[in-house]
Each structure stands twice: as C-alpha cells, then as structure tokens.
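# Tertiary structure, described
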Amino acid sequence: MIYGQLALVTAAVFTGAAFYINAVEQPARLMLPDGAALAQWKPAYRRGFAMQATLALAGALLGTAAFATDNDWRWLAGAVLMLANWPFTLVGIMPTNRALMGAREEEAGPHTRRLIANWGQLHMVRTGLGALATFVFFTAATG
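Residues numbered from 1 in each chain as written. Predicted model: local features only at pLDDT ≥ 70, side-chain atom pairs only at ≥ 80, totals over all residues. Heavy atoms only, no water.

### What about the overall build of the protein?
Tallying secondary structure elements over the protein gives five helices and zero strands in all. Scanning the protein from its N terminus toward the C terminus, one meets helices and strands in the order α-α-α-α-α. C-alpha atoms of the protein, sized along the principal axes, occupy 55 × 25 × 20 Å. For the protein, the residues scored as buried account for 43% of the 143 residues in total. Considering only contacts within the protein whose residues lie at least 6 apart along the sequence, 82% involve residues at least 24 apart. Accessible area for the protein stands at about 7300 Å²; split by element, carbon and sulfur atoms hold 72% of it. Looking at charge distribution, the protein has the averaged site of its 10 positive side-chain charges lying 3 Å from that of its 7 negative ones. (Helix = DSSP H or I, 4+ residues; strand = E, 2+ residues; numbered from the N terminus. Buried < 20%, exposed > 50% of the residue type's maximum accessible area, 1.4 Å probe, protein only. Contact = heavy atoms within 4.5 Å. Areas by Shrake-Rupley, 256 points an atom, 1.4 Å probe, with all protein chains shown as cover. Lys, Arg positive; Asp, Glu negative; His and termini not counted. Charge placed at Lys NZ, Arg CZ, Asp CG, Glu CD.)

Written out as structure tokens, the structure is:
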C-alpha cells in the first residue's frame, strides 16, 4: 500500500505545481512587457520542466508498483495518466517551447506574447492530466 500512497502524494504535488503555474505564475508573467515575459518564462520553464518531468515519471513508476502489488487497475490507470504528460509535452508543447527558447528577449513582441499565452493553454492539459491521475489514485487508495 505504500507505493499507492506515494503515487497519490506525487500526483497531488505534480498537480499542485501545475495548477500554480496556470493560476499564479502564467497570469503574472502575461502582465509583464513582452521581453520581460519571455525572459521570465525561459528559466521558469527549465526549472519547472525538471521538477514536473521527474514527478510525472515518479508518479507513473509508483502507480505501476502499486498495481503490481495490489492488482487494482486504477493504480495502472493513474500511472498511465501521469506518464501521458511526457508524450503530450514532447509532441504537443515542445514546438512552442522550442520557438520560445529560440526567441531573443530584445526582439520579443506580439508573436512572442501569443506563443507564451498559447504555452499557458497547452500547460493546462498537463494540469488536467495530473488532476485526473490524482483522482484515480485517490479512488484506488480509498477503496
């Protein structure tokens, strides 16, 4: 049962971090001038990616371990939801990430702002995947 509890906590932490980005960091970033918004996004993205990628993988591994121990399909479903963040990021968000990482702050303008706003919308999917995984892990943990 410890794997399941850890999977639930990991998914909840992932979801909380993702929600914070959408609810607090992204709106604040969009209040900045274009160049400053891009300058803030780049290091925030690097650090956030490292944290969230690790949490997504850990949640998937812990959910899989809970499934192997408990044989409840919900642990595996939650693990798949956590792991789904990786292909979604690589296929769905990475083109926007690359465009933003390649942009220069001194040349930032309306196009850069649209990319940052689009990135925030795409990131909401990650938040949703985390929330669904947390819910599924919670149902497995409680019964």
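### Digging into the environment of A11
Among the secondary structure elements, A11 is positioned in helix 1 (residues 2-30). In sequence terms A11 and A140 are 129 residues apart; their C-alpha atoms lie 13 Å from each other. When residues no more than four places from it in sequence are discounted, the contact partners of A11 are M82, G130, A133, T134 and F137.

### Here we look at the packing of helix 1 against helix 5 (residues 110-142)
The N-to-C vectors of helix 1 and helix 5 enclose an angle of 155°; their axes lie 8 Å apart at closest approach. In terms of orientation, helix 1 and helix 5 fall into the roughly antiparallel class. Here helix 1 and helix 5 pass one another in a crossing that is left-handed. A breakdown of the residues in the contact of helix 1 with helix 5 according to their chemical character gives 18 nonpolar, nine polar and three charged. (Axes fitted to C-alpha atoms, helices over the stretch in contact; angles between N-to-C directions. Parallel < 35°, antiparallel > 145°, perpendicular 65-115°, else oblique. Left-handed = near helix turned anticlockwise from the far one by under 90°. Nonpolar A, V, L, I, M, F, W, Y, C, P; charged D, E, K, R; others polar.)

### Some remarks on the side chain of N97
Residue position: N97 is located in helix 4 (residues 85-102). Among the polar contacts listed, one links the side chain of N97 to the side chain of Y45, at a separation of 3.0 Å. When sequence neighbours within four positions are dropped, the list of residues in contact with N97 reads W41, Y45 and W119. (Polar contact = N/O pair within 3.5 Å; in protein donor to acceptor, adjacent residues only side chain to side chain.)

### Description of the packing of aromatic side chains
Applying the stated rule across the entire model yields four aromatic pairs. Between W41 and Y45 the ring centres are 4.9 Å apart and the planes differ by 10°, which places this aromatic pair in the stacked class. You can see W41 and its partner Y45 sitting in helix 2 (residues 34-70), four residues apart, about one turn around the helix. Comparing W41 with Y45 shows no difference in burial state: the two are buried. Plain terms: the ring middles of W75 and F137 are 5.7 Å apart, the flat faces sit at 35° to each other, and that makes the pair tilted. Of this pair, W75 sits in helix 3 (residues 73-83) while F137 sits in helix 5; the two residues are 62 residues apart in sequence, bridging distant segments of the chain. A relative accessible area of 0% means that F137 is categorised as buried. Pairwise contacts between aromatic rings join W41, Y45, F49 and W119 into one cluster. (Phe/Tyr/Trp six-rings, centres within 6.5 Å; stacked < 30°, edge-to-face > 60°.)

### Some thoughts on the pattern of salt bridges
Tallying each qualifying case throughout the model produces six salt bridges. Between D72 and R74 there is a salt bridge, with its nearest N and O atoms 2.7 Å apart. Taking the relative accessible area as the measure of exposure, D72 reaches 14% and is therefore buried. For R74, a relative accessible area of 18% puts it in the buried group. Across the pair E107 and R104 runs a salt bridge whose closest N-O atoms are separated by 3.7 Å. (Salt bridge = Lys/Arg side-chain N within 4 Å of Asp/Glu carboxyl O.)

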